Amino acid sequence: MSKDHESATKAKDKPAALGPDINVNKFTRETKSWESCPISQLPEDVLRRAYEVGIVPEKESRSGTFFQLDHSVTSRVVQSMFEGKAEVMSTADAMKKYNWLKDYWWKVVKVDADKYTSLAETKWDQGYFIRILEDQKVMLPLQACLFISTNNLDQNVHNIIIAEAGSESQLITGCTTHPNVNSGLHVGISEFFVKEDAKLTFTMIHNWAEGFDVRPRSAAMIEDNGVFVSNYLCFKPVKSLQMYPTAYCKGVNSRVSFNSILYGMKDSYIDTGAKVVLQNEGTRGQVVARTIATDNAQIYARGFLQGEHDASKAHLECRGLLLSDNAQIYAIPELLAKAKGSDLSHEAAVGKISEEQVQYLMARGFTEDEATALIVRGFMDVSIFGLPKNLENEIRRMVDITAIKAL
Amino acid sequence: MNILELQNVAIEVSGKKILEDINLEIPEGEVHVLFGPNGSGKSSLLMTVLGIPSYKVTSGSILFKGKDVTHMPINERVKLGMSVAFQNPPAIRGVKLGGILDYLVTDKQEIGALMEKVKFPPEFLERDVNLGFSGGEVKKSEVLQILAQKGDFVMLDEPDSGVDVENLKVVGNLINSLLSEKSALLITHQGHILRYVNADKAHVLIKSTIACSGEPVNILTQILNEGYGWCMKCPKITNLQQKQKISPLH
């Protein structure tokens, strides 16, 4: 670990390749610590915000929960009927429990990538370890919440997610702030390991504050026949958010799909994308992004597909909807083929709402505003996530109560 | 009483004159047919009556149920009882056919009955409207939405185009039952739909105006036998062309 620490220290001032540079020293590390408790016993205002990012107290609809408030872990439970199928704990506890965790630590994300990865190493504030055991099908989603309740705090978490061979699971991660929080920094390192024949669907929902900076750093390693689906939703204003997760399709026939729906509002600066590296035969990748920009929002929608092996295939699709003349959407798709049998493609379309569509709905009696709202809502259709029906409906309701109400 | 009345209407699109001198009266309860060659402006006329803003009425007025609607927004005309089946409706991602029907009809059972009427399986409600619909499905979906709207004046833009023989019968019978208690303006290029629909009067739109009006069957027979070339020889059109030719000299 000390070697990691050394590398991290060297990178402490290294700016990220993308996104506005942040002075990481301006944030506070001072916060009270929270006692462990079931999430149903958390304060009402915390619960309400957590609910908006998919975190629910109901035992019936989740198989396990991790909840971190500021720098304290308040929940780390697996429902009794899922014991022996999945493990949920803080990465600090997992580090004590499993000596082998070092084989996963900083293995797909580089510790010295930039000042944010450096920060996550030198000022590490927990994060979750979630492991789905071999051949286990966890039919209810696991959930993890990273919550910030102290203004101007930095929260630097490091998560490790391991889907052991043959396992199947859903993980929802909700990241959000207390209504009283305006500024702060969230750095989230997430390293995913999807083993042979495993399937992991990860759905991340972000809901930040107008003065908040966010720098997730994620990567996934997918083994033979493994499937990793990574969904991302963000529909509240944020000061700046920059992330560019990478999935390495390392095993034969391994697959990845990144789907995101972004709604940029007010002065939000959002720079997100996904990289797919196809390293073996039969690997498949898909990157789908739906971006909406209104007010003065600036959105960069990136995608990078790299084909390193014959008989690999990936597609990138980016659709952007511009709702304001002061907003901007910049779609940047990149394809890099390094093997002649690799089949890479992209399509991107950015523009305003089609008048023809609005008029069509007005001809059915909708007012212009209703028609516009319906089209925007349709544009954010969460069915692209390919989630089980119950979860899909749950997330659709969430989009309705948060994003649609802003229209 | 006339449900729709166009008085000396002239229309421009992007500054270009599309239609002029349009006079049309549709009495309540009647079904009128609009014939005309491709590009004669049939759809433009419908879009103007509906109120699509890019179709600018430069003179004349449009009366619907006696009310001047010339400058009224689309949805307000619809509220008064107008409805349209589009020829090429846009696909809208994420907007489900079922979502539109839910807006139009509150009774779920009624939606089921309507779906059955157009022979759509219930799964169709979950489809994004018009996305990947076949020609026949588009027409059926348009008729379905009009049925749900319950307007008393219906405009149908080529409900028979792109429909195969099997579906033409379904669509034709549907439209005939739809129109039994309504007033309508029906555009047809080839007239196939008239095998199923009883129309009261036909008009021929040619060279950007209505050249003649009369018995639907007579006019259709004439068009089928002689083609629209015959209409071009109509004195009204030749006079109009004469007028257009010499007008710059004035």
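Residues numbered from 1 in each chain as written. Chains lettered and ligands numbered in written order. Predicted model: local features only at pLDDT ≥ 70, side-chain atom pairs only at ≥ 80, totals over all residues.

**What to know about the packing of helix α5 (residues 135–149) of chain B against helix α6 (residues 165–179) of chain B**
All names here are of chain B.
Link 1 in the chain: Close contact between α5 and α6 brings their axes to 10 Å; oriented N to C, the two are set at 15°. Between α5 and α6, the angle falls in the class roughly parallel. Crossing angle aside, the handedness with which α5 passes α6 is left-handed. Where α5 approaches α6, its residues G136, K139, K140, V143, I146 and L147 are matched on the opposing element by N167, V171, L174, I175 and L178.
Link 2 in the chain: Taken together, the residues that form the contact of α5 with α6 break down as 7 nonpolar, 2 polar and 2 charged. (Axes fitted to C-alpha atoms, helices over the stretch in contact; angles between N-to-C directions. Helix = DSSP H or I, 4+ residues; strand = E, 2+ residues; numbered from the N terminus. Parallel < 35°, antiparallel > 145°, perpendicular 65-115°, else oblique. Left-handed = near helix turned anticlockwise from the far one by under 90°. Contact = placed C-beta atoms within 7 Å. Nonpolar A, V, L, I, M, F, W, Y, C, P; charged D, E, K, R; others polar.)

**Topic: the interface of chain B and chain A**
Link 1 in the chain: Facing the 19 residues of chain B at the interface are 17 residues of chain A.
Link 2 in the chain: Broken down by secondary-structure element, the contributors of at least two residues to the side of chain B that touches chain A are α2 (74–79), α3 (97–104) and α5 of chain B.
Link 3 in the chain: The element contributing the most residues to the side of chain B that touches chain A is α2 of chain B, with 4 residues.
Link 4 in the chain: Along the lines of polarity and charge, the residues of the side of chain B that touches chain A split into 13 nonpolar, 4 polar and 2 charged.

**Regarding the environment of M265 of chain A**
Residues and elements named next belong to chain A.
Link 1 in the chain: Structurally, M265 can be placed in the loop between β14 (255–264) and β15 (269–278).
Link 2 in the chain: For M265, a count of 22 C-beta atoms within 10 Å puts it in the buried group.
Link 3 in the chain: Residues M265 and E210 lie 55 residues apart in sequence; the distance between their C-alpha atoms is 9.3 Å. (Buried ≥ 20, exposed ≤ 12 C-beta atoms within 10 Å, placed from the backbone.)

**So, the packing of helix α1 (residues 2–10) of chain A against helix α4 (residues 115–122) of chain A**
Residue and element names in this part refer to chain A.
Link 1 in the chain: Viewed as axis vectors pointing N to C, α1 and α4 meet at an angle of 135°, and their least axial separation amounts to 8 Å. By the angle between their directions, the pair α1 and α4 is classed as oblique. The interaxial crossing formed by α1 with α4 has left-handed handedness. Between α1, through D4, H5, A8 and T9, and α4, the contact on the second element is made entirely by S118, E121 and T122.
Link 2 in the chain: Per-class residue counts for the contact of α1 with α4 are 1 nonpolar, 4 polar and 2 charged.

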